[in-house]
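Residue-level structural notes
Listed here are the chains, written in short residue letters.
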Amino acid sequence: MKPPSNAAAASTQPAIDVVYLISGAMNSELWHACAGPLVSLPPIGSLVVYFPQGHSEQVAASMKKDTENIPSYPNLPSKLICMLHNVALHADAETDEVYAQMTLQPVNKVGQMYDQEALLISDMGLKQNKQPAEFFCKTLTASDTSTHGGFSVPRRAAEKIFPPLDFSMQPPAQELVARDLHDQSWPFRHIYRGQPKRHLLTTGWSVFVSSKRLSAGDAVLFIRDEKSHLLLGIRRANRQQPALSSSVISSDSMHIGILAAAAHAAANNRPFTIFFNPRASPAEFVIPLAKYSKAMYTQVSLGMRFRMMFETEESGVRRYMGTVTGISDLDPARWKNSQWRSLQVGWDESTAGERPRRVSVWDIEPVVTPFYICPPPFFRQKFPGQPEDETDIENAYKRGIPWLDDFGMKDGSSSVFLA
């Protein structure tokens with residue numbers, strides 16, 4: 001599907017008779033597998049919160065520019081509550097890079113215009129797992145992409161995803177056919193051989209590698225969908241982001257035009273269309289209203305401990321522990337009072353350099369500690385060795401986590417209720 005030639009035209013769509021259907025041309029399980037384990041699009045017909053500030057981050061990443069160089073629009077608020085009318089799943093024809101096209105309708109008075117059904121759909125969407133149950137993902141090595149070799153498949157992955165081999169054959173082998181995001185068939189020969197023995201895809205593999213222009217560092221994933229069909233997708237290494245210029249998500253004029261359309265739609269209460277690229281965007285910027293609302297009831301304080309999920313190299317997930325070190329607007333000049341990445345954080349692990357220094361409150365899971373680091377006055381009881389006053393308490397707390405000073409933490413007991 002080609003993007004509209006004029007993104008601003010999206011804002012002139014009629015506000016009624018919008019079809020609540022998801023595109024059936026793309027396999028949803030394969031799309032989500034390629035998008036990543038942390039991506040889950042909100043359900044159609046649900047209420048969402050659109051953050052243009054986060055959208056501009058995707059624009060900047062795709063254009064390889066700083067967010068300061070992306071135009072801002074004074075009449076575009078920091079967030080818009082919208083009804084999600086339509087979602088269409090796509091993959092770029094040249095790069096296989098996945099993206100979603102969403103139609104959003106701004107909502108001014110949620111309580112008056114919609115009943116609890118839209119809120120219920122939003123809440124139910126949080127409980128849906130759209131990732132395939134049967135899949136494996138492998139980052140390609142130099143030998144995997146060699147024209148003289150084949151694709152080495154981990155044993156457990158081959159036994160889990162591929163049909164069973166007949167080990168009475170010497171060597172055990174079978175013919176496989178997998179379909180990609182564009183519904184194109186790719187035949188492979190699956191053989192179990194070598195010393196030590198291993199599972200390999202041989203005949204057909206080099207054709208696939210050259211056709212998709214794969215290199216070491218790219219990833220290939222195979223899934224078995226709910227109908228037991230064998231499907232495969234690819235993920236480009238970060239060095240190959242963004243997609244080629246033919247992609248809707250790599251056109252400068254299209255990017256800026258979409259933001260302009262969002263500003264026009266917000267001012268005129270008209271529907272508008274956005275494009276979300278889960279692999280290029282630093283974070284999701286269309287959030288289910290239920291998820292956002294629950295986060296707004298979280299009392300966030302300096303020094304608060306939390307967990308946050310991140311994707312691993314082989315498409316798994318891992319929780320990292322961190323501490324809130326500051327609460328402030330990311331860009332107060334252009335996006336005042338925005339909750340987008342309003343939390344400054346420090347990470348526990350030695351890999352903290354790879355983690356973002358700012359996150360949004362709906363992305364974290366607060367950790368409830370069973371004790372008070374700094375008890376309130378009516379709980380304070382004199383114990384031997386206890387600090388005598390507030391300054392001593394604060395200093396003792398900072399000695400336990402000394403790096404907090406680097407982030408300007410002045411008062412470990414203060415709290416801010418985000419609303």
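This text goes with the structure placed above it.
Since we're looking at a predicted model, the values are computed, not measured. (Residues numbered from 1 in each chain as written. Predicted model: local features only at pLDDT ≥ 70, side-chain atom pairs only at ≥ 80, totals over all residues. Heavy atoms only, no water.)

**Remarks on the overall build of the chain**
A count of helical and extended segments in the chain gives nine helices and 19 strands. When burial is assessed residue by residue, the chain has 47% of its 419 residues classed as buried. Of all intrachain contacts in the chain linking residues separated by at least 6 positions in sequence, the fraction that spans at least 24 positions is 68%. Working note: accessible area of the chain is about 20900 Å², and carbon and sulfur atoms make up 53% of it. (Helix = DSSP H or I, 4+ residues; strand = E, 2+ residues; numbered from the N terminus. Buried < 20%, exposed > 50% of the residue type's maximum accessible area, 1.4 Å probe, protein only. Contact = heavy atoms within 4.5 Å. Areas by Shrake-Rupley, 256 points an atom, 1.4 Å probe, with all protein chains shown as cover.)

**Some thoughts on helix α6 (residues 205–212)**
Looking at α6, one finds that the buried residues are W205, F208, V209 and K212. Down the axis of α6, the sector holding all buried residues measures 100°, keeping them to one side. Of the surrounding elements, those touching the buried residues of α6 are β5 (151–153), β7 (185–193), β8 (198–201), β9 (219–224) and β10 (230–235). With its phi angle positive at about 55°, R213 sits one or two positions after the end of α6. (Arc of directions from axis to C-beta.)

**Brief notes about helix α1 (residues 28–35)**
Since there are 3.6 residues in each turn of an α-helix, residues three or four apart along the chain are aligned in direction. Of all eight residues in α1, seven are buried; the element is thus mostly enclosed. E29, L30, W31, H32, A33, C34 and A35 are the residues of α1 that are buried. Close packing links the buried residues of α1 with β2 (80–91), β3 (98–106), β6 (173–179), β9 and β10. A distance of 3.1 Å separates the backbone nitrogen of E29 from a side-chain oxygen at the start of α1, and that oxygen is part of N27. Downstream of α1 by a residue or two, G36 has a phi angle that is positive, lying close to 125°. (Polar contact = N/O pair within 3.5 Å; in protein donor to acceptor, adjacent residues only side chain to side chain.)

**Some thoughts on the packing of aromatic side chains**
Scanning the model with the defined rule gives 23 aromatic pairs in all. Here F151 and W205 contribute two aromatic rings whose centre-to-centre distance is 4.5 Å and whose plane-to-plane angle is 15°, an arrangement assigned as stacked. Remark: W205 occurs in helix α6 and F151 occurs in strand β5; sequence separation between them is 54 residues. Taking relative accessible area as the criterion, W205 reaches 0% and is therefore assigned buried. (Phe/Tyr/Trp six-rings, centres within 6.5 Å; stacked < 30°, edge-to-face > 60°.)

**Some points on the sheet that holds strand β18 (residues 365–366)**
To summarise the sheet geometry, strands pair through backbone hydrogen bonds and adopt either a parallel or an antiparallel arrangement. Within the open sheet, the five strands sit side by side as β17-β16-β15-β14-β18. Their pairing is antiparallel. At either margin of the open sheet sits one strand with a lone partner, and together these are β17 (358–359) and β18. With seven bridges connecting them, strand β14 (residues 305–311) and strand β15 (residues 317–327) associate as antiparallel partners. Across the sheet, residue R305 finds its bridge partner in β15, namely T323. (Pairing = 2+ DSSP bridges.)

**Description of unusual backbone geometry**
Omega for the peptide link from Q170 to P171 comes to -5°, which places this bond in the cis form. Among the secondary structure elements, P171 is positioned in the loop between α5 (155–161) and β6. Cis geometry is found at the peptide bond from Q195 to P196, where omega equals 0°. Here P196 shows up in the loop between β7 and β8. Even without glycine at this site, R213 takes up a positive phi of about 55°. On the secondary structure map, R213 appears in the loop between α6 and β9. The class of R213 is partly exposed, set by a relative accessible area of 48%.

**With respect to the sheet that holds strand β12 (residues 286–288)**
Taken in spatial order, the five strands of this open sheet run β11-β3-β2-β1-β12, and their pairing is antiparallel. Looking along the sheet, the strands with just one partner apiece sit at the ends: β11 (272–276) and β12. The average angle at which neighbouring strand axes cross in this sheet is 45°, direction not considered. Here β2 runs beside β3; their pairing, made up of nine bridges, is antiparallel. Bridge pairing links A91 to V98 in β3. Along the sheet, helix α8 (residues 289–296) makes contact with β1 (47–50), β2 and β12, crossing β12 at roughly 75°. (Axes fitted to C-alpha atoms, helices over the stretch in contact; angles between N-to-C directions.)

**What to know about the pattern of salt bridges**
Charged atoms that come close allow side chains of opposite charge to pair. Across all of its chains, the model carries 13 salt bridges by this definition. A salt bridge links E311 to R235; the shortest N-O distance between them is 2.7 Å. Of this pair, E311 sits in strand β14 while R235 sits in strand β10; the two residues are 76 residues apart in sequence, bridging distant segments of the chain. By relative accessible area, which is 28% here, E311 ends up partly exposed. (Salt bridge = Lys/Arg side-chain N within 4 Å of Asp/Glu carboxyl O.)

**So, the pairing of β6**
Where β6 lies against β7, seven bridges are found, and the strand directions are antiparallel. If you follow Q174 over to β7, its bridge partner there is H190. Counting the residues in the hairpin turn of β6 and β7 gives five residues, including D183, whose phi is positive at 65°.

**Describing the side chain of N277**
For N277, the location among the structural elements is in the loop between β11 and β12. On the accessibility criterion, N277 (1% relative accessible area) is buried. Here the side chain of N277 touches E97 through a polar contact of 2.6 Å, side chain to side chain. In terms of polar contacts, N277 uses its side chain to reach the backbone amide nitrogen of R279, at 3.2 Å.

**Some remarks on the pairing of β10**
By the criterion of burial, β10 is predominantly enclosed, with six of the six residues buried. Relative to β10, β9 runs antiparallel, the two being bridged by six bridges. Across the sheet, residue L221 finds its bridge partner in β10, namely G233.

**Overview of the state of the cysteines**
Enumeration over the complete set of coordinates arrives at zero disulfides. C137 provides the cysteine sulfur closest to C34, a residue in no disulfide bond, and the two sulfurs are 8.6 Å apart. (Disulfide = S-S within 2.5 Å.)

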